[in-house]
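# Structural characterization, general
Given next are the chains, with one letter for each unit.
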Amino acid sequence: MTHALEQCGSGANFIFDSCQAIGHTMLKLFTSVGRLSVFIFHAVVSCFLPPYFGRLMVRQFIDIGYYSLPVIGMTTLFTGMVLALQSYTGFSRFNAESAIASVVVLSMTRELAPVLAGLMVAGRVGAAIAAEIGTMRVTEQIDALTTLSVSPFKYLIAPRVIAGTLMLPLLVLIGDAIGIFGGYVIAIHDLGFSAGSYLTQTWDMLETEDVMSGVYKAAAFGFIVSIMGCYHGFNSGRGAQGVGAATTYAVVSSSILILISNYLMTQIFFS
Amino acid sequence: MTDLKIQLKAVEKAFGKNHVLNGVDLDVPKGASTVIIGGSGSGKSVMLKCILGLIHPDRGSILVDGREVTHLGAKDRDETLRKFGMLFQSAALFDSLPVWENVAFGLIQGRRMDRKDAYKTAVEKLEAVGLNEDVGRRFPAELSGGMQKRVGLARAIAANPEIIFFDEPTTGLDPIMADVINDLIVKTVKDIGATALSITHDMASVRKIADYVAMIYKGKIVWSGPIDKLDNSGNEYVDQFINGRADGPITDEAVKEALGKTA
């Protein structure tokens, strides 16, 4: 009898503990989502309200746009080349080699250039933003901004979010061109295509809406990367460990959000 | 009755289960230098940040010039912050900007002053803290800790604020440089006629810069009075703290508990 009661009690405890753990996790999740939503709201409002810090904005355009060009260029170039090689391996079995140009164009403009550029920028820029703002948080520079009557949202967050959102589409347009060029180089030099026919096929397959879908995606990814970098840096914990964790969270969360939002936008644009 | 610049009434602040401020009552007289003493983790910095609006208190009232500042909107908060200057413990200089721009930062970005005029003001303020124009062209990373504190002080007084906060102004400095900073604090505060509120656990600094002293322990003000009463306060917490004794009501356990609150 006692044994049965003990068993019943431990079973109830297990259920209670499990519910408590789930409850805690859910509360944490809702708190994080709520905090992030408030942060995004303030950040977006700050982008539209004066004062504007022109010098800082230009610096961010250069940091995020210009200095990301080599990374994006290398990534898209080799992706375009690999895409051509792999497509040839697959399509040659069905005598469908002529479809290589269309595969390269569609894949690069619709998916690969925006997603890869987003992920590369998340690694390069998102991490840098989180580390810089996190260090400013730890060394009280953000508090100093406030005491000097300068809004940290307008001074730190808005320029980065605006630059991220506007520069990634430009980078993706350049990435599209470089990726397609990569496919062209492989098709001409390794796969024996004639330059004229490959270019004609490429041009025929190049649709404005495909390019624009990539550009819209890139704008969304740029926003995600910059806002997540700013959010995690702004809420960074103490010391080097806190800044390190903020940097990791910024890269991981923006990468995951890029992949999820890419799926959702693909559904919206092409379903 | 002395004219009060800042008044705290029953201010409470908790981070989760950690109650950092447990009903702080404090009067800061106008035009005088008040120093808050207390051990690490006793709530000194949190109290200062509550007054500045960097942290919102859970309960209680904070008055600046008789005006409640705990629930101000962005515009009113901005207006109130213009009365303040602050020297941070780590100086908190912006490492991407040259020294002169750090000093003039609030004038250029916060008050939209012309850069040429702001540069002139920055050089004047740097000279007031014993630094020349050449230092103004350097970057914070090129300066020693003492020079960084001086630059922080120049930035704090750049807009001639009515109130200046000093957060551990001598921490991390050698005794001679600490005394230089103390002298500069006394001089600059007197020159611009500001009200000063400092937090420190450096007793040499307290004796040099304070007109009034208050001691905070476990998030409460346990004693306050003029500096000349400090040595005869009759308060066991104050006696133990100013004499740096291990024995007394401030126990190792209590210190550990207090440190745990802000960790």
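Residues numbered from 1 in each chain as written. Chains lettered and ligands numbered in written order. Predicted model: local features only at pLDDT ≥ 70, side-chain atom pairs only at ≥ 80, totals over all residues. Heavy atoms only, no water.

### Points about the packing of helix H6 (residues 152-189) of chain A against helix H7 (residues 195-205) of chain A
Residue and element names in this part refer to chain A. Between H6 and H7, the shortest axis-to-axis distance is 10 Å and the interhelical angle comes to 150°. Accordingly, the angle class assigned to the pair H6 and H7 is roughly antiparallel. For the crossing formed where H6 meets H7, the hand is right-handed. Contacts between H6 and H7 involve Ile180, Gly183, Tyr184, Ala187 and Ile188 from the first element and Ala195, Tyr198, Leu199 and Thr202 from the second. For the contact of H6 with H7, a count of residues per class yields seven nonpolar, two polar and no charged. (Axes fitted to C-alpha atoms, helices over the stretch in contact; angles between N-to-C directions. Helix = DSSP H or I, 4+ residues; strand = E, 2+ residues; numbered from the N terminus. Parallel < 35°, antiparallel > 145°, perpendicular 65-115°, else oblique. Left-handed = near helix turned anticlockwise from the far one by under 90°. Contact = heavy atoms within 4.5 Å. Nonpolar A, V, L, I, M, F, W, Y, C, P; charged D, E, K, R; others polar.)

### Remarks on the pairing of strand S1 (residues 4-15) of chain B
Residues and elements named next belong to chain B. Pairing analysis gives nine bridges linking S1 to strand S2 (residues 18-29), with the strands arranged antiparallel. If you follow leucine 8 over to S2, its bridge partner there is leucine 26. Two successive antiparallel strands, S1 and S2, enclose a turn made up of two residues, where glycine 16 displays a positive phi of approximately 65°. (Pairing = 2+ DSSP bridges.)

### Examining the side chain of asparagine 102 of chain B
Residues and elements named next belong to chain B. Within the secondary structure, asparagine 102 sits in helix H3 (residues 99-103). Among the polar contacts listed, one links the side chain of asparagine 102 to the backbone nitrogen of phenylalanine 94, at a separation of 2.7 Å. Once you skip the residues sitting within four places of it in the chain, asparagine 102 turns out to touch Leu93, Phe94, Leu97, Pro140 and Arg155. (Polar contact = N/O pair within 3.5 Å; in protein donor to acceptor, adjacent residues only side chain to side chain.)

### Let's talk about the pairing of strand S8 (residues 195-200) of chain B
All names here are of chain B. The element S8 is largely enclosed, with a buried count of six among its six residues. Burial of the side chains of S8 extends over both faces: Thr195, Leu197 and Ile199 are buried on one face and Ala196, Ser198 and Thr200 on the other. Here strand S3 (residues 33-37) pairs with S8 via five bridges, running parallel. In the sheet register, serine 33 faces S8, and the bridge partner there is alanine 196. With five bridges joining them, strand S7 (residues 163-167) and S8 adopt parallel strand pairing. Note on S8: the bridge partner recorded for aspartate 167 is isoleucine 199. The handedness of the S7 to S8 crossover, carried by helix H8 (residues 175-192), is right-handed. (Buried < 20%, exposed > 50% of the residue type's maximum accessible area, 1.4 Å probe, protein only. Right-handed = clockwise from strand over helix to strand, strands pointing away.)

### Some thoughts on the sheet that holds strand S6 (residues 84-87) of chain B
Residues and elements named next belong to chain B. Spatially, the six strands line up as an open sheet ordered S6-S7-S8-S3-S9-S10, and their pairing is mixed. Both edges of this open sheet fall to S6 and strand S10 (220-226), since each of them pairs with a single strand only. Ignoring strand direction, the axes of neighbouring strands in this sheet form an average angle of 15°. The pairing of strand S9 (residues 212-217) with S10 spans six bridges and is classified as antiparallel. Bridge pairing in S10 links tyrosine 212 to proline 226.

### A closer look at the nonpolar core
By size, the foremost hydrophobic cluster in this structure holds 95 residues, and its most contacted members are Tyr155 and Ile157 of chain A together with Ile6, Leu8, Val24, Leu26 and Phe165 of chain B. Examining the composition of this core, we find that 16 residues originate from one element, H6 of chain A, more than from any other. Sequence-distant contacts of leucine 8 of chain B, defined by excluding residues within four places in its chain, comprise Val24, Asp25, Leu26, Met47, Ile51, Ser61 and Ile62 of chain B. With 48 residues, the next largest nonpolar core counts Ala122, Met203, Met215 and Val238 of chain B among its residues. (Core = buried A, V, L, I, M, F, W, Y, C linked by side-chain atoms within 4.5 Å.)

### A few points about the domain arrangement of chain B
All names here are of chain B. Looking at chain B, the domain boundaries give domain 1 (1-83 + 163-173 + 195-263) and domain 2 (90-160). One C-alpha centre belongs to domain 1, the other to domain 2; they are set 27 Å apart. On the side of domain 2, eight residues touch domain 1, which itself brings eight residues to the contact. Carbon and sulfur atoms supply 55% of the area buried between domain 1 and domain 2, which totals about 530 Å² over both sides. (Domains from an automatic or database assignment. Buried area = accessible area lost by both parts, 1.4 Å probe.)

### Topic: the packing of aromatic side chains
Residues and elements named next belong to chain B. Counting across every chain of the model gives 16 aromatic pairs over all chains. Measuring from ring centre to ring centre gives 5.0 Å for tryptophan 100 and tyrosine 119, while their planes differ by 80°; the resulting arrangement is edge-to-face. Note that tryptophan 100 is positioned in helix H3 and tyrosine 119 in helix H5 (residues 115-128), a separation of 19 residues in sequence. Residue classification places tyrosine 119 among the partly exposed residues on the basis of a relative accessible area of 23%. (Phe/Tyr/Trp six-rings, centres within 6.5 Å; stacked < 30°, edge-to-face > 60°.)

### Here's the deal with the pattern of salt bridges
Residue and element names in this part refer to chain B. Across all of its chains, the model carries 24 salt bridges over all chains by this definition. Residue aspartate 65 is joined to lysine 5 by a salt bridge in which the shortest nitrogen-to-oxygen separation is 3.1 Å. Of this pair, aspartate 65 sits in the loop between strand S4 (59-64) and strand S5 (67-68) while lysine 5 sits in strand S1; the two residues are 60 residues apart in sequence, bridging distant segments of the chain. Judged by relative accessible area, which is 33%, aspartate 65 ranks as partly exposed. The class of lysine 5 is buried, set by a relative accessible area of 5%. (Salt bridge = Lys/Arg side-chain N within 4 Å of Asp/Glu carboxyl O.)

### A closer look at a nonpolar patch on the surface
Together, Val252, Ile256, Leu257, Ile260, Tyr263 and Leu264 of chain A give the surface a local cluster of nonpolar side chains, amounting to about 540 Å² of exposed area. If you trace the backbone, leucine 264 of chain A turns up in helix H9 (residues 239-270). (Patch = residues over 30% accessible without salt bridge, like charges linked within 9 Å, V, L, I, M, F, W, Y side chains within 5 Å. Areas by Shrake-Rupley, 256 points an atom, 1.4 Å probe, with all protein chains shown as cover.)

### Side note on the sheet that holds S1 of chain B
Residues and elements named next belong to chain B. Pairing is antiparallel across the open sheet formed by four strands, whose spatial order is S2-S1-S4-S5. The sheet terminates laterally at S2 and S5, the two strands that pair on one side only. Running over the sheet, helix H1 (residues 44-52) touches S1, S2 and S4 and is turned about 65° from S2.

### Re the interface of chain B and chain A
One frequently used descriptor of interface size is the decrease in accessible area upon assembly of the parts. In this complex, chain B contributes 26 residues to the contact, which on the side of chain A involves 19 residues. Of the roughly 1800 Å² buried where chain B meets chain A, counting both sides, 56% is carbon and sulfur surface. There are two salt bridges connecting chain B and chain A. The partner of glutamate 140 of chain A in a salt bridge is lysine 49 of chain B, with the nearest N and O atoms 3.7 Å apart. The tally of links from chain B across to chain A stands at four residue pairs in polar contact (both at pLDDT 80 or more). Listing elements by their share of the side of chain B that touches chain A, those giving two or more residues are H1, helix H2 (74-81) and helix H4 (105-110) of chain B. Counting residues per element, the side of chain B that touches chain A draws most heavily on H4 of chain B, at four residues. Looking at the side of chain B that touches chain A residue by residue, the class counts come to eleven nonpolar, seven polar and eight charged.

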